[in-house]
Amino acid sequence: MKSMVTKKRKALISLLLAVMLMALTACGGKSEDGSSVLKEGQSDLSYVQDKKTLVVGITDFTPMDYRSGDEWVGFDAELAEKFAESLGVSAELTEIDWDEKTDLLEKGTIDCIWNGMTLTEELQSEISCSDSYLSNSQVVVMPKEEMEKYSTLDECQHFLFALEEGSTGEALIKDKNYRYTPYATQKDALQSVKDEQADATVIDIIMASYYTSEGQDFSDLGFSIPLNDETICVGFRKDSDLTAKANEFIAKCYDDGTMKELAEKYGIEKVLLGGEQE
């Protein structure tokens, strides 16, 4: 009889533990083992403030996040650090596999994604997205002396393009059935155009603005012919209260000139919102 009671008690305890685990998991992001990174009833904001660190998921994407010696610098890197400071914590920038960004966020490996991320409906269905803070588009980059000859993509149909493999630019040109050579990175594609191995490339206007500005590697190239319209956002866990804090921070940075100052520092004034790009 005692053995039967013990077995029932163990079974009941196991069931209660399972229910508690499910409840905790529903409260917020999940850790590597699938359990919640948040305590019961804890918000993302209090979680970040308790550990005094905002872990920011990034990739090497000039001029948004890139290495200078042992440090991560860039427009987004500085903006993320200022946001963390506004929360009373420090920012920890960590390089991630971009294809795993939403999983890493939900597991709690990172607290946000801040890396020139395009706002899409698909993304909004997976995570909590901030208000847009920059515009973006895919643009055609070619030698400056050639730019005035072309005003539409159709006029470039005889071009040999250099394109980053797997990029939005590649998809747009492939859809047109135009000739192109794939490259590992957008910078490699730019180098091919500079070396006259290709006629043009299609890349983000954010990167184009930076690399073709005065004093940069590809200042002899220019860009025109925007091919689409995009905006950039920051990503947080679903239902995160950090999203509202980020929206307040973004609005403040536009109001007090911080956004413009950083954009000028990194040569991307043309992608500011609200007509600032003019």
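This is a predicted model, so every value here is computed, not measured. (Residues numbered from 1 in each chain as written. Predicted model: local features only at pLDDT ≥ 70, side-chain atom pairs only at ≥ 80, totals over all residues. Heavy atoms only, no water.)

Q: Tell me about the overall build of the protein chain, and please be specific about residues and values.
A: A count of helical and extended segments in the protein chain gives 11 helices and 13 strands. Taking all 278 residues of the protein chain together, the buried fraction comes to 45%. For the protein chain, the share of sequence-separated contacts (at least 6 apart) that also reach a separation of at least 24 residues comes to 67%. Of the roughly 14,600 Å² that the protein chain leaves accessible, carbon and sulfur atoms contribute 48%. (Helix = DSSP H or I, 4+ residues; strand = E, 2+ residues; numbered from the N terminus. Buried < 20%, exposed > 50% of the residue type's maximum accessible area, 1.4 Å probe, protein only. Contact = heavy atoms within 4.5 Å. Areas by Shrake-Rupley, 256 points an atom, 1.4 Å probe, with all protein chains shown as cover.)

Q: Requested: an account of unusual backbone geometry, with residues and values cited.
A: For residues besides glycine, phi is generally negative; the peptide bonds are generally trans as well. Of note, the bond from Thr62 into Pro63 is cis; its omega dihedral lies within 30 degrees of zero at 5°. In this structure, Pro63 sits in the loop between strand E1 (53-58) and strand E2 (66-68). If you check the backbone angles, Lys52 has positive phi at about 65° while not being a glycine. Tracing the sequence through the fold places Lys52 in the loop between helix H2 (44-51) and E1. Classification of Lys52 by relative accessible area gives exposed; the value is 56%. Phi angles above zero are rare outside glycine, and Ile225 is one such case at about 55°. Its place among the elements puts Ile225 in the loop between strand E12 (221-224) and strand E13 (230-236).

Q: How would you sum up helix H8 (residues 186-194)? Please name residues and give values.
A: Along H8, the residues that are buried comprise Gln186, Ala189, Leu190, Ser192 and Val193. Down the axis of H8, the buried set is contained in an arc of 155°. They therefore lie on one face. On its buried face, H8 sits against strand E8 (138-143), strand E9 (160-164), strand E10 (179-183), strand E11 (200-204), helix H9 (205-211) and E12. (Arc of directions from axis to C-beta.)

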